[in-house]
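Take a look at the letters that make up each chain.
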Amino acid sequence: MSTLDNLREIELRIQKACEAANRPAGDVKLLLATKTVPAEIIKTVLQSGQTLIGENKVQEIKEKYEVLADTPHQKHFIGHLQTNKIKDILKYGVTCVQSLDRLDLAEKLNQKLVQENKTLDVFIQVNTSGEESKFGISPQNALDLIQQVAALKNLRIQGLMTIGLFSAEEEAVRKCFRLLKNIQQEAIALDLPDVSLTELSMGMSGDLEIAIAEGATIVRVGTAIFGQRIYPDSFYWNETKDVV
Ligand SMILES: *Cc1c(COP(=O)(O)O)cnc(C)c1O
């Protein structure tokens, strides 16, 4: 099947999952997870009507920048962000960092934004599966981080992001998404000024139906649209292999 056929399949899966959850179609946005995908292919998919991509590596954002420059789209950062790459995030048109998971990164981002007189949308990434290999603030510390980031005025919290457990056990996966939803509700109850927590970015190729049932507003899909990647995910999610 072609990439565009795969895309159509995913749109149908999202639509059906919304129906099953009694949620309006259009409640859930599709983010194309485009790590390792060549810019020309991304361009084709954007021209078919998609608007949102997510990249994991600053280097890839740079490499694809020129080809995508004239094609309207939103670019979110969903990978592990090193503080020395902050200036590139802003330079190459990232509109949202979904993977904000620690205070020192938030402070440095905010500092740079203040200097440039800009604001940036962010999601707090929570490690709901408890797996060591995954980035994200621990669930116990999430509310503290949300409050600390809320105090940084050039960062605008839009919601939360998580990567669910990789497991064939549906209930174990569901637990991760439920936990994120619970943290969202607790954070909303804090009633922080100027903080919006409407977005829940959760669900990928293998588990988007469960995530939508549990309240996802953004699903991030790569493999099911673009095919298998040559690198294992640990290449993107594991600090020690963060070499690109
Ligand atoms: C790669 C990636 C995805 C997409 O995963 P697939 O299983 O390929 O759909 C989603 N979120 C993040 C953070 C990713 O790195």
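Just above, that's the structure.
Everything quoted here is computed from the prediction, not taken from an experiment.

Trainee: Whenever I open this one, the layout of surface pockets confuses me. Can you help?
Mentor: Over the atoms a probe the size of a water molecule is rolled, and this reveals where empty space is left. Here the largest pocket defines a volume of roughly 420 Å³. What lines the largest pocket is a set of 25 residues, among which Phe166, Met204, Ser205, Gly206 and Asp233 lie closest to the centre. Mapped onto the lining of the largest pocket, the elements with two or more residues apiece are helix H7 (170-189) and strand E8 (218-221). Classifying every residue of the lining of the largest pocket by side-chain character gives twelve nonpolar, seven polar and six charged. In this structure, the second largest pocket spans a volume of roughly 220 Å³. Along the walls of the second largest pocket sit 14 residues, with Glu11, Ile14, Gly26, Val28 and Leu30 positioned nearest its centre. Listed by contribution, the elements that provide at least two residues to the lining of the second largest pocket are helix H1 (3-20) and strand E1 (29-33). If you tally residues by element for the lining of the second largest pocket, the top one is H1, at five residues. Looking at the lining of the second largest pocket residue by residue, the classes come out as six nonpolar, five polar and three charged.

Trainee: Mind showing me how you'd approach the site of the ligand here?
Mentor: Taken together, 13 residues lie near the ligand, and Lys35, Asn56, Ser205, Thr223 and Arg229 sit nearest. One of the side-chain N or O atoms of Lys35 is found 2.5 Å from an oxygen atom in the ligand. Here Ser205 contributes a side-chain N or O atom positioned 2.5 Å from an oxygen atom of the ligand. In isolation the ligand offers 380 Å² of accessible surface; the protein chains occlude 96% of this area. Spatially, the ligand is embedded in the largest pocket. Among the residues forming the shell around the ligand, the class breakdown is six nonpolar, four polar and three charged.

Trainee: In this structure, what is going on with the side chain of Gln50? I would like to understand it.
Mentor: Mapped onto the elements, Gln50 comes out in the loop between helix H2 (39-47) and strand E2 (52-55). There is a polar contact of 2.9 Å between the side chain of Gln50 and the side chain of Glu11. Those residues in contact with Gln50, other than ones at most four positions away along the chain, are Leu7, Glu11, Leu30, Leu32 and Val45.

Trainee: Help me out: how do you make sense of the pattern of salt bridges in this one?
Mentor: If the charged atoms of two oppositely charged side chains come close together, the side chains can form a pair. Overall, the coordinates contain 16 salt bridges when judged by the stated rule. The shortest N-O distance in the salt bridge between Lys112 and Glu116 comes to 3.7 Å. Within this pair, Lys112 and its partner Glu116 are both found in helix H5 (residues 103-116), separated by four residues, close to a single helical turn. Note that Glu214 and Arg178 form a salt bridge whose closest N and O atoms lie 3.0 Å from each other.

Thresholds, definitions, all that
- Residues numbered from 1 in each chain as written.
- Predicted model: local features only at pLDDT ≥ 70, side-chain atom pairs only at ≥ 80, totals over all residues.
- Heavy atoms only, no water.
- 1 Å grid on protein atoms, 1.4 Å probe; cavity = no way out; pocket = protein on both sides within 12 Å on 5 of 7 lines; lining within 4 Å.
- Points joined across faces, edges and corners; volume = space filled by probe spheres on them.
- Helix = DSSP H or I, 4+ residues; strand = E, 2+ residues; numbered from the N terminus.
- Nonpolar A, V, L, I, M, F, W, Y, C, P; charged D, E, K, R; others polar.
- Near = heavy atom within 4 Å.
- Polar contact = N/O pair within 3.5 Å; in protein donor to acceptor, adjacent residues only side chain to side chain.
- Areas by Shrake-Rupley, 256 points an atom, 1.4 Å probe, with all protein chains shown as cover.
- Sits in = over half its atoms within 2 Å of the grid points.
- Contact = heavy atoms within 4.5 Å.
- Salt bridge = Lys/Arg side-chain N within 4 Å of Asp/Glu carboxyl O.

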